[in-house]
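Here are the chains, one letter per residue:
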Amino acid sequence: MELTILGVSFGLLLLIGVPVGFAVGLSSVATIIAAGLPVAVVFQKMVGGMQVFSFLAIPFFVFAGELMLHGGIAQRIVRFANSLVGHVRGGLGMSNVLGCTLFGGVAGSPVADVSAMGSVMIPLMKKEGYDTDYAVNVTTHASLVGALMPTSHNLILYTLATAGIASVSVLGMILACVVPALLLTGLNLLAAYGVAIQRGYPTRGAFQGWGEVFNSFVAALPGLLIVGIILVGILSGVFTATESAATAVLWALLITAVAYRSLSWNDFIKSCAKACKTTGVVLFLIGISNAFGYFLAMYEVPERTGELMSTVTQNPWMIFLMINIALFVLGTFLDMAPTLLICTPIFLPIAQKFGMDPTQFGVVILINCALGLNTPPVGTTQAVGCAIGGISVGEVMRSILPFYGALLACMMLVTYVPAFSLWLPTMVLGH
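Cut-offs used in this document
Residues numbered from 1 in each chain as written. Predicted model: local features only at pLDDT ≥ 70, side-chain atom pairs only at ≥ 80, totals over all residues. Heavy atoms only, no water. Helix = DSSP H or I, 4+ residues; strand = E, 2+ residues; numbered from the N terminus. Rg over C-alpha atoms; globule rule 2.2 N^0.38 Å. Buried < 20%, exposed > 50% of the residue type's maximum accessible area, 1.4 Å probe, protein only. Contact = heavy atoms within 4.5 Å. Lys, Arg positive; Asp, Glu negative; His and termini not counted. Charge placed at Lys NZ, Arg CZ, Asp CG, Glu CD. Core = buried A, V, L, I, M, F, W, Y, C linked by side-chain atoms within 4.5 Å. Expected span 1.5 Å × (residues − 1). Polar contact = N/O pair within 3.5 Å; in protein donor to acceptor, adjacent residues only side chain to side chain. Patch = residues over 30% accessible without salt bridge, like charges linked within 9 Å, V, L, I, M, F, W, Y side chains within 5 Å. Areas by Shrake-Rupley, 256 points an atom, 1.4 Å probe, with all protein chains shown as cover. Salt bridge = Lys/Arg side-chain N within 4 Å of Asp/Glu carboxyl O. Disulfide = S-S within 2.5 Å. Phe/Tyr/Trp six-rings, centres within 6.5 Å; stacked < 30°, edge-to-face > 60°. Lys NZ or Arg CZ within 6 Å of the ring centre and 35° of its normal.

A. Focus on the overall build of the protein. Within the protein, the regular secondary structure consists of 21 helices and zero strands. Taken against the 2.2 N^0.38 rule, which gives 22 Å for 431 residues, the C-alpha radius of gyration of the protein at 22 Å falls within 12% of a compact globule. When its C-alpha atoms are laid out on the principal axes, the protein stretches across 70 × 45 × 45 Å. With 431 residues in all, the protein has 55% of them scored as buried. A separation threshold of at least 6 residues defines the contact pool for the protein, and within that pool the share at least 24 residues apart is 80%. When the 15 basic and 15 acidic side-chain charges of the protein are each reduced to a single mean position, those positions are 10 Å apart.

Shown next as structure tokens:
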């Protein structure tokens with residue numbers, strides 16, 4: 001009965017438009033009352049869920065991303081990307097893919113990525129004769145690579161969501177995401193180029209020479225170095241993953257305020273305010289999801305879900321496909337953080353039972369969450385991209401298939417070929 005109340009109340013609250021965090025909290029309170037337990041249990045689990053030292057990395061990474069967003073990094077990255085591929089047919093779209101990937105590595109947030117790069121590239125592509133739906137689709141899909149980058153706080157959220165289920169390190173997740181991020185970038189480039197050829201988009205002048213490539217790279221290098229600093233620092237043992245996030249903030253301040261001198265006082269205040277708001281939301285979701293997860297474990301939801309899937313098939317490939325479908329459907333209604341926090345305790349034990357490594361599953365769920373960011377009705381990155389481009393979601397969805405195909409291909413390869421996510425962690429960490 002209590003499990004039914006938990007699931008039904010959560011679903012109904014979502015359907016009537018209650019924000020996810022409040023839906024999780026209210027359904028947890030309803031379940032507590034039905035079980036005859038003290039309501040204080042919910043609040044104890046919330047506070048306990050937020051009192052983790054490694055959570056300090058989240059506000060730091062969020063703040064570093066906001067500083068990069070408001071600090072003029074995007075324009076320099078666009079120039080570098082254009083110098084590489086801007087001269088080929090549809091090159092502006094391919095420049096967009098490279099630019100979003102590079103900025104995603106700096107900011108670590110798909111929403112920040114599409115906000116920064118979209119405000120530069122979408123109007124520019126429209127001015128150069130590219131269709132608006134193409135410009136928006138290229139930008140929103142390329143920005144999703146940011147979810148897999150070392151500066152992404154979602155990597156940390158996943159490792160925290162695995163507590164008590166599996167041992168997953170932040171460094172292992174960072175390394176596991178490198179190859180899938182490169183793979184997704186390559187597939188996005190193919191999709192952008194293929195659609196550009198199909199629609200007959202023009203070239204944008206001749207190759208400007210390796211001198212321009214070098215100069216633009218040097219101009220963008222200080223911002224891009226943040227990824228290298230994080231990786232080298234953690235691998236060398238100079239600092240932990242949490243300390244690397246604080247280092248990222250310091251580096252972002254030095255680059256935007258001192259080196260580039262592009263961060264005004266007003267932009268700094270905006271960055272602080274947005275980072276505080278985002279951190280508050282994320283920590284609230286972490287706390288309330290910890291209470292929700294307590295009930296999921298109490299009423300053996302993962303075990304029962306696994307048993308239900310096992311009655312359908314015992315084939316691991318089919319089980320993984322069913323997990324992907326379930327994550328995709330849930331991701332269209334939930335934002336990235338709640339999807340990670342709610343779905344990991346349910347589906348990770350099932351994936352492990354059928355032979356999937358928890359680090360590999362982390363990459364799979366991150367890609368699924370990224371897909372959800374670009375799918376209605378939530379579709380946060382898609383909503384931002386459409387707002388910048390001045391186009392409806394419906395118009396964008398009509399031509400989304402090639403770009404969706406790139407993302408789905410990446411997800412299937414990571415799901416069924418473990419080497420894509422596990423080769424680098426195995427090589428570097430030895431396990």
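B. Representation of the nonpolar core. If you look at the biggest cluster of nonpolar residues, it comprises 126 residues, and the most contacted ones within it are Tyr134, Ile323, Phe347 and Phe361. For this core, the leading source of residues is helix H10 (residues 170-199), giving 16 residues. Phe361 has contacts with Tyr158, Ile323, Leu327, Phe347, Leu348, Ala351 and Met356, leaving out every residue within four places of it along the chain. Grouped together as the second largest cluster of nonpolar side chains are 16 residues, Leu6, Leu13, Val41 and Phe292 included.

C. Seen up close, helix H5 (residues 73-85). Compared with the 18 Å implied by 1.5 Å per residue over 13 residues, the 19 Å span of H5 between its first and last C-alpha is a close match. Contact partners of the buried residues in H5: helix H4 (57-70), helix H6 (91-107), helix H7 (110-127), helix H11 (210-236) and helix H12 (241-259).

D. How the structure looks around the side chain of Thr415. If you trace the backbone, Thr415 turns up in helix H20 (residues 401-416). For Thr415, the contacting residues outside a window of four places in its chain are Phe320, Asn324, Met356, Gln360 and Val364.

E. Broad picture of H6. The end-to-end C-alpha distance of H6, which contains 17 residues, comes to 24 Å, matching closely the 24 Å that a straight helix rising 1.5 Å per residue would cover. When you tally the buried positions in H6, you get 16 out of 17 residues, the bulk of the element. Gly108 occupies a position one or two residues after H6 and carries a positive phi of about 70 degrees.

F. Region of interest: the environment of Ser143. Counting through the fold element by element, Ser143 comes out in helix H8 (residues 132-143). A C-alpha to C-alpha distance of 18 Å links Ser143 and Val195, two positions 52 residues apart in sequence. With sequence-adjacent residues up to four places away left out, Ser143 is seen in contact with Cys100, Pro110, Asp113, Val114 and Thr381. Polar contacts involving the side chain of Ser143 include one to the main-chain carbonyl oxygen of Thr140, which spans 2.7 Å.

G. Broad picture of a nonpolar patch on the surface. Taken together, the side chains of Phe214, Phe217, Val218, Leu221 and Leu225 make up a nonpolar region of the molecular surface, amounting to roughly 410 Å² of accessible area. Summarising the element assignment, Phe217 is placed in helix H11.

H. Focus on the state of the cysteines. Applying the stated criterion to the full structure yields zero disulfides. The cysteine Cys369 is free of any disulfide, with Cys343 supplying the nearest cysteine sulfur at 7.1 Å. The class of Cys369 is buried, set by a relative accessible area of 3%. With no disulfide of its own, Cys386 lies closest to Cys100 among cysteine sulfurs, the gap being 14 Å. On the basis of relative accessibility, which here comes to 5%, the residue Cys386 falls in the buried class.

I. Summary view of the packing of aromatic side chains. Summed over all chains, the structure comprises nine aromatic pairs. Taking the centre distance of 5.9 Å and the plane angle of 10 degrees together, the rings of Tyr130 and Tyr134 count as stacked. Each member of the pair, Tyr130 together with Tyr134, is buried. Seen in terms of ring centroids, Tyr134 and Tyr201 are 4.9 Å apart; in terms of plane orientation they differ by 50 degrees. Their pairing is tilted. In this pair, Tyr134 is assigned in helix H8 and Tyr201 in the loop between H10 and H11, connecting sequence segments 67 residues apart. When sorted by exposure, Tyr134 lands in the same class as Tyr201, which is buried. An aromatic cluster is present here, built from Tyr130, Tyr134, Tyr201 and Phe403 joined pairwise through their rings. Positioned above the aromatic ring of Tyr260, the side-chain terminus of Arg76 is 3.8 Å from the ring centre.

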